[in-house]
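# Structural characterization, general
The residues making up each chain are set out below.
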Amino acid sequence: MLGLIKKDLFMAKSNFKTLAIIFVVFTFTAINGNENFVFIPAFMSVMIMMSTFSYDEYNKTDAFISTLPNGKKNAIKSKYAATLFITLISVLLTFIICVVVGYAKNSLNMEYIIATTLGCCVGVILLQSIIYPFIFKYGIEKSRIGIFVGIFAITGIAAFLAKSGYTITIPQNILTLLNNYWMIMIPLITIIILFLSYKISEHLYCKKEF
């Protein structure tokens, strides 16, 4: 499995220079006024890891991996492990950007930085947890189309509900619980969703024939 992890990281390595350039550009952009760009490097990790699926599909890697002992299960484990590694790097870059921007603007707020970094980490992991089962089931090209359509559909539904004045009422006891224990509950829920995503991907991928 270690070899498969190295394979994914080696394929992702070609995009590290791009990530470094993006890191520098958006750091200066955030310092000059638009702090929303601090999220960009974290979510770039999603694109970096999706590119590894494209390389695998182009080189017919899955057909070879499926012939190895426990090859399919190890392929899933290695892809999720490499994803977490790349995600941690990108989230660390987000943390650094926030600190640099805070120092540059004399407005360093560690509570805000921690919350922002945690939010980026959770957002990226949740996005990948949703995308990966589709990729392992349908392949990267079909999944890209589905993800694109899905994003537009969700955006359209959200816009329609907002325009129609529809609101979701969350019970006060749940809001209080989230407010008091969000530092524990959000990571826990994220880990559970990631684990379910992993198990679903494993089930779907192991049933495929190459």
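Everything discussed here concerns the structure shown above.
No experiment lies behind these values; they were computed from the predicted model shown.

Basis of the calculations
Residues numbered from 1 in each chain as written. Predicted model: local features only at pLDDT ≥ 70, side-chain atom pairs only at ≥ 80, totals over all residues. Heavy atoms only, no water. Helix = DSSP H or I, 4+ residues; strand = E, 2+ residues; numbered from the N terminus. Buried < 20%, exposed > 50% of the residue type's maximum accessible area, 1.4 Å probe, protein only. Contact = heavy atoms within 4.5 Å. Areas by Shrake-Rupley, 256 points an atom, 1.4 Å probe, with all protein chains shown as cover. Phe/Tyr/Trp six-rings, centres within 6.5 Å; stacked < 30°, edge-to-face > 60°. Salt bridge = Lys/Arg side-chain N within 4 Å of Asp/Glu carboxyl O. Expected span 1.5 Å × (residues − 1). Arc of directions from axis to C-beta. Patch = residues over 30% accessible without salt bridge, like charges linked within 9 Å, V, L, I, M, F, W, Y side chains within 5 Å.

### A few points about the overall build of the protein chain
Helices and strands together make up the secondary structure of the protein chain, namely 8 helices and 0 strands. Ordered by position from N to C terminus, the α and β elements of the protein chain give α-α-α-α-α-α-α-α. Out of the 210 residues belonging to the protein chain, those deemed buried represent 34%. Expressed as a percentage of contacts within the protein chain between residues at least 6 apart in sequence, the contacts between residues at least 24 apart total 85%. For the protein chain, the accessible surface area stands at approximately 12900 Å², while carbon and sulfur atoms represent 72% of it.

### Quick look at the packing of aromatic side chains
Summed over the entire model, instances satisfying the criterion amount to 6 aromatic pairs. A ring pair is formed by Tyr 80 and Tyr 198, whose centres lie 5.6 Å apart and whose planes are at 85 degrees; its orientation type is edge-to-face. Separated by 118 residues along the polypeptide, Tyr 80 in helix α5 (residues 71–104) and Tyr 198 in helix α8 (residues 172–206) bring together distant segments of the chain. One exposure class covers both Tyr 80 and Tyr 198, and it is buried. With a centroid separation of 5.4 Å and 70 degrees between ring planes, the pair formed by Phe 136 and Tyr 205 is classed as edge-to-face. Of this pair, Phe 136 sits in helix α6 (residues 110–138) while Tyr 205 sits in helix α8; the two residues are 69 residues apart in sequence, bridging distant segments of the chain. Phe 136 gets classed as buried once you look at its relative accessible area, which sits at 6%. Residue classification places Tyr 205 among the buried positions, given a relative accessible area of 2%. Among the aromatic side chains, those forming a connected cluster through ring pairs are Phe 53, Tyr 80, Tyr 132, Phe 136, Tyr 198 and Tyr 205.

### Description of the pattern of salt bridges
Opposite charge on two side chains makes pairing possible when the charged atoms of those side chains draw close. Under the criterion given, the structure shown has 1 salt bridge. Two residues, Lys 199 and Glu 202, come together in a salt bridge whose shortest N-O distance is 3.1 Å. Of the two residues, Lys 199 and Glu 202 are both situated in helix α8; the distance of 3 residues between them amounts to about one turn of the helix. Overall, Glu 202 belongs to the buried group, its relative accessible area being 11%.

### Digging into helix α1 (residues 2–13)
The end-to-end C-alpha distance of α1 is 16 Å, a good match for the 16 Å that 12 residues give at a rise of 1.5 Å each. By the burial criterion, the buried members of α1 are Leu 4, Ile 5, Asp 8, Met 11 and Ala 12. Take α1 and look down its axis: the buried residues cluster within an arc of 130 degrees, on one side only. Away from the buried face of α1 by more than 90 degrees, exposed residues Leu 2, Lys 6, Phe 10 and Lys 13 are located.

### Details of the environment of Ile 200
Note that Ile 200 resides in helix α8. Assessed through its relative accessible area of 43%, Ile 200 is described here as partly exposed. When the C-alpha positions of Ile 200 and Lys 137 are compared, they lie 9.6 Å apart, and in sequence the two are 63 residues distant.

### Notes on a nonpolar patch on the surface
Residues Tyr 103, Leu 108, Met 110, Ile 114, Met 183 and Ile 184 make up a contiguous nonpolar surface patch of roughly 600 Å² in combined accessible area. Contributions of two or more residues to the nonpolar patch are made by α6 and α8. By the secondary structure assignment, Ile 184 is in helix α8.

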